[in-house]
Amino acid sequence: MTAVRTFFWQGIEVPFRAGESVAAALSGANIHGFGKDNAGSQTRYFCGIGACQCCLVRVDGRTTEACLEPVHAGMIVTALEDGDA
Ligand code: FES
């Protein structure tokens, strides 16, 4: 039996499967809105290939595309704050 691994989204522990991106893991946990960008638009998992920039989040303090970022145990992921993107 494989132990469940988790990361943190907005301070909440979220499980993930090995090999998932942050966006896939959040979507798998029924988290579909990732915060708001500078224009006030909701960020979310859309293209899945790093082209649309719709999934920007903060990972361990840096802004990145959630669809391209491999998730790992203990990772701290938060929504963008004003001026982050
Ligand atoms: S979903 Fe398009 S860049 Fe991540």
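Positions within a chain are numbered from 1, following the residues in the order the chain's sequence is written. In keeping with the predicted nature of the model, local features appear solely for residues at pLDDT of at least 70, side-chain atom pairs appear and are counted solely at 80 or more, and the whole-chain, interface and lining totals rest on all residues. Water and hydrogen atoms play no part in the side-chain values, which are based on all heavy atoms of the structure.

- Where an unreviewed UniProt entry is consulted, the protein chain appears under the name 2Fe-2S iron-sulfur cluster binding domain-containing protein, with the organism given as Sinorhizobium medicae.

### Thoughts on the side chain of glutamate 20
Stage number 1. A run of H or I in DSSP becomes a helix once it reaches four residues, and a run of E becomes a strand once it reaches two; helices and strands are each numbered from the N terminus. Along the polypeptide, glutamate 20 turns up in the loop between strand 2 (12-16) and helix 1 (22-28).
Stage number 2. Using a relative accessible area of 14% as the deciding quantity, one classes glutamate 20 as buried. Exposure categories follow from relative accessible area, calculated using a 1.4 Å probe and restricted to protein chains: below 20% of the type maximum is buried, above 50% is exposed, and the middle band is partly exposed.

### Some thoughts on the nonpolar core
Stage number 1. Counting residues in each nonpolar core, the largest one holds 19 residues, and the members touching the most others are Phe7, Trp9, Phe34 and Val77.
Stage number 2. Contributing elements (two or more residues each) for this core: strand 1 (5-9), strand 2, helix 1 and strand 3 (56-59).
Stage number 3. With four residues, the top contributor of residues to this core is helix 1.
Stage number 4. For this analysis, residues touch if any pair of their heavy atoms sits within 4.5 Å. In this view, tryptophan 9 contacts Val14, Leu26, Ile31, Gly33, Phe34, Val57, Val77, Thr78 and Ala79; residues no more than four positions away in its chain are not counted. Nonpolar cores are built from buried Ala, Val, Leu, Ile, Met, Phe, Trp, Tyr and Cys residues. Side-chain atoms within 4.5 Å join them into one set.

### Focus on the side chain of threonine 64
Stage number 1. With respect to the helices and strands, the residue threonine 64 is situated in strand 4 (residues 62-65).
Stage number 2. Residue threonine 64 is classed as buried on the basis of its relative accessible area of 9%.
Stage number 3. Here a polar contact is taken to be a pair of N or O atoms separated by no more than 3.5 Å, where protein atoms must pair a possible hydrogen donor with a possible acceptor and residues adjacent in sequence count only if both atoms sit in side chains. A distance of 3.1 Å separates polar atoms of two side chains, one belonging to threonine 64 and the other to glutamate 69.
Stage number 4. Not counting residues up to four positions away in its chain, the partners in contact with threonine 64 are Cys55, Leu56, Val57, Val59 and Glu69.

### Let's talk about the sheet that holds strand 4
Stage number 1. The criterion for strand pairing is that DSSP finds at least two bridges linking the strands in question. Pairing within the open sheet is mixed, and its five strands lie in the order 2-1-5-3-4. The open sheet has two edge strands, strand 2 and strand 4, and neither has a second partner. When strand polarity is set aside, the average angle formed by the axes of neighbouring strands in this sheet is 40°.
Stage number 2. As defined by bridge partners, strand 1 adjoins strand 2 across five bridges and the pair is classed as antiparallel. Within strand 2, the position partnered with tryptophan 9 by the bridge is isoleucine 12. To get an axis, a line is fitted to the C-alpha atoms, and for a helix only the part in contact is used. The angle between two axes follows their N-to-C directions and goes from 0 to 180 degrees.

### Considerations on unusual backbone geometry
Stage number 1. Phi angles above zero are rare outside glycine, and glutamine 10 is one such case at about 55°.
Stage number 2. Relative to the helices and strands, glutamine 10 resides in the loop between strand 1 and strand 2.
Stage number 3. Given the relative accessible area of 43%, glutamine 10 is considered partly exposed.
Stage number 4. Here the phi dihedral of aspartate 60 falls at roughly 50°; this positive angle occurs in a residue that is not glycine.
Stage number 5. Along the polypeptide, aspartate 60 turns up in the loop between strand 3 and strand 4.
Stage number 6. Owing to a relative accessible area of 47%, aspartate 60 belongs among the partly exposed residues under this scheme.

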